[in-house]
Amino acid sequence: MKIARIFAHRVELPLVEGSYRWSGGKSVSVFDSTIVGVETDGGLVGYGEVCPLGPFYLPAYAEGVRAGLRELGPHLIGLDPRELMALNHRMDAALKGHPYVKSGIDIACWDLLGQATQLPVCTLLGGRFGENVRLYRAISQQAPDEMAQNVQGYREQGYTRFQLKVGGDPDTDIERIRAVRSMLRPTDRLVADANTGWTQHEAMRVVRAVRDVDVYIEQPCLTYEECLAVRRHTSHPFVLDENIDSLDMLLRGKADLAMDVVNLKISKLGGLTRTRQARDLCVAMGIAMTLEDSWGGDITTAAIAHLAHSTPEEFRFTSTDFNSYVTVSTAAGAPQRHQGFMAASRDPGLGIAPRMEVLGPRVVEVA
Ligand SMILES: [Mg+2]
């Protein structure tokens, strides 16, 4: 089996809520997603998806995915897509860095491996743990009472874990955390994600002001060192996200006892192969994970479901059903949320079939 063609479609994903807003006034109203197809010489096609959270969240942007595929694609024609380590070795040799460019190709090759072996991707990634995967809901940054209202609405839909977008004015953020926590049940979990938005002194003020509140603190500051300083001055459970972009950073964080939970995003690490390495290291080190991606639609959600479902339950903190945040369905067979949970497909590969009428013409084609 050989890779004969790599292609991509560009698809716009408008948000159900109209916009998504986080730290520093950053916001997105329509996501620009790239659906990547890898076709074999025998005519099998596997699919992946890469959707950056705008151009200002991670070092990634939507047009960069397409440009990167045109650069990288020619180096991969003729490779066996089932040999994932060999494929990733070639990708790293041909293009330094740019993990998000490689992610869509890697996911598509896992889909192909599943189709070729007639096994779901979660089986290939280690097995199926438990009945389903618990989800959290990200709460877009707004006034404290509006965020509390939104949490109430999503609670009624079955979610029990909520991630508040803070990282704005620290005094308003303190109000946001208090307003939301006061309406949750003791068993609900609340995360305040500053997305690098606080300076160190602001983060110190916030964690002190909410020290009596049951809340996790996620990525308060821009640098690892700033986050570590905050971590050492708070008893809140602590999550690192933006800084955890490699195995090196995971090992460093573990050595420093810098976090209790990490957020692993498939495209941040470069695909399912690299994220599985990080996931397995976290399991070995006893660190729980949020398993997700930067954004996406049905195909990203399917990939997340397989990654999360193949992770031992005690190490799964949360995951994301991105396909329920957007108004467009790009594939049939994707996981659908039920009472705050989703499950990986039992069909071969990712278990999805792209809706070609939604995808439109190909914008990248390498053969
Ligand atoms: Mg985060």
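What you are looking at is a predicted structure, and each value in this text was computed from that prediction instead of being measured.

Calculation notes
Residues numbered from 1 in each chain as written. Predicted model: local features only at pLDDT ≥ 70, side-chain atom pairs only at ≥ 80, totals over all residues. Pairing = 2+ DSSP bridges. Helix = DSSP H or I, 4+ residues; strand = E, 2+ residues; numbered from the N terminus. Domains from an automatic or database assignment. Contact = placed C-beta atoms within 7 Å. Nonpolar A, V, L, I, M, F, W, Y, C, P; charged D, E, K, R; others polar. Axes fitted to C-alpha atoms, helices over the stretch in contact; angles between N-to-C directions. Parallel < 35°, antiparallel > 145°, perpendicular 65-115°, else oblique. Left-handed = near helix turned anticlockwise from the far one by under 90°. UniProt positions renumbered as here; feature names shortened; annotations may be inferred.

Overview of the pairing of strand 1 (residues 3-14)
Item 1. Where strand 1 lies against strand 4 (residues 30-40), 11 bridges are found, and the strand directions are antiparallel. Looking at the pairing, E12 lines up with D32 of strand 4.
Item 2. Where strand 1 lies against strand 18 (residues 362-366), 4 bridges are found, and the strand directions are antiparallel. Of the residues in strand 18, the one forming a bridge with I6 is V366.

Describing the domain arrangement of the protein
Item 1. Taken domain by domain, the protein consists of domain 1 (3-119 + 355-366) and domain 2 (124-353).
Item 2. In this assembly, 46 residues from domain 1 lie in contact with 39 residues from domain 2.
Item 3. Elements that contribute at least two residues to the side of domain 1 that touches domain 2 include exactly strand 1, strand 2 (20-21), strand 4, strand 5 (45-50), helix 2 (84-94), helix 3 (99-117) and helix 13 (356-359).
Item 4. Among the elements that make up the side of domain 1 that touches domain 2, the one with the highest residue count is helix 3 (12 residues).
Item 5. Of the residues contributing to the side of domain 1 that touches domain 2, the split by class is 28 nonpolar, 11 polar and 7 charged.

Observations regarding the sheet that holds strand 4
Item 1. Reading across from one edge, 5-4-1-18 is the order of the 4 strands in this open sheet, with antiparallel pairing throughout. Here the strands that pair on one side only, and so sit at the sheet edges, are strand 5 and strand 18. Looking at each pair of strands side by side, their axes are set apart by 20° on average, direction ignored.
Item 2. The sheet strands contacting helix 3 are strand 1, strand 4 and strand 5, and the helix crosses strand 5 at an angle near 150°.

Structural notes on the packing of helix 2 against helix 3
Item 1. Running from amino to carboxyl end, helix 2 crosses helix 3 at an angle of 160°, the nearest separation of the two axes being 11 Å. Here helix 3 runs roughly antiparallel to helix 2, going by the angle between their axes. The element helix 2 and its partner helix 3 pack so that their crossing is right-handed. In this structure, helix 2 uses L84, L87, N88 and M91 to contact helix 3, whose residues at the interface are K102, I105, D106, C109, W110 and L113.

Quick look at the sheet that holds strand 8 (residues 161-165)
Item 1. Read across the sheet, 8 strands follow the order 7-8-9-10-11-12-13-14 without closing on themselves; strand pairing throughout is parallel. Bordering the open sheet on either side are strand 7 (137-139) and strand 14 (316-319), each of which pairs with just one other strand. Adjacent strand axes in the sheet meet at a mean angle of 25° when their direction is disregarded.
Item 2. Looking at chain direction, strand 12 (residues 261-265) and strand 13 (residues 288-292) are connected through 5 bridges and run parallel. The partner of N263 across the bridge, within strand 13, is T290.
Item 3. Most of the contacts of helix 11 (residues 272-285) go to strand 12, to which it runs at about 165°, and overall it touches strand 12 and strand 13.
Item 4. Docked against the sheet, helix 12 (residues 298-309) engages strand 13 and strand 14, running at close to 160° with respect to strand 13.

Things to note about the UniProt feature "domain: Mandelate racemase/muconate lactonizing enzyme C-terminal" (unreviewed entry) in the protein
Item 1. In this numbering, the UniProt entry assigns the feature "domain: Mandelate racemase/muconate lactonizing enzyme C-terminal" (unreviewed entry) to residues 144-237.
Item 2. Taken end to end, residues 144-237 has its terminal C-alpha atoms 22 Å apart, with 46% of it in helix and 14% in strand.

Some remarks on the packing of helix 7 (residues 200-209) against helix 8 (residues 224-231)
Item 1. Contact geometry for helix 7 and helix 8: axes closest at 10 Å, N-to-C directions at 25°. In terms of orientation, helix 7 lies roughly parallel with respect to helix 8. When you trace helix 7 past helix 8, the crossing you get is right-handed. On helix 8, the residues that touch Q200, A203, M204 and V207 of helix 7 are E226, A229 and V230.
Item 2. Residue composition of the contact of helix 7 with helix 8, grouped by class: 5 nonpolar, 1 polar and 1 charged.

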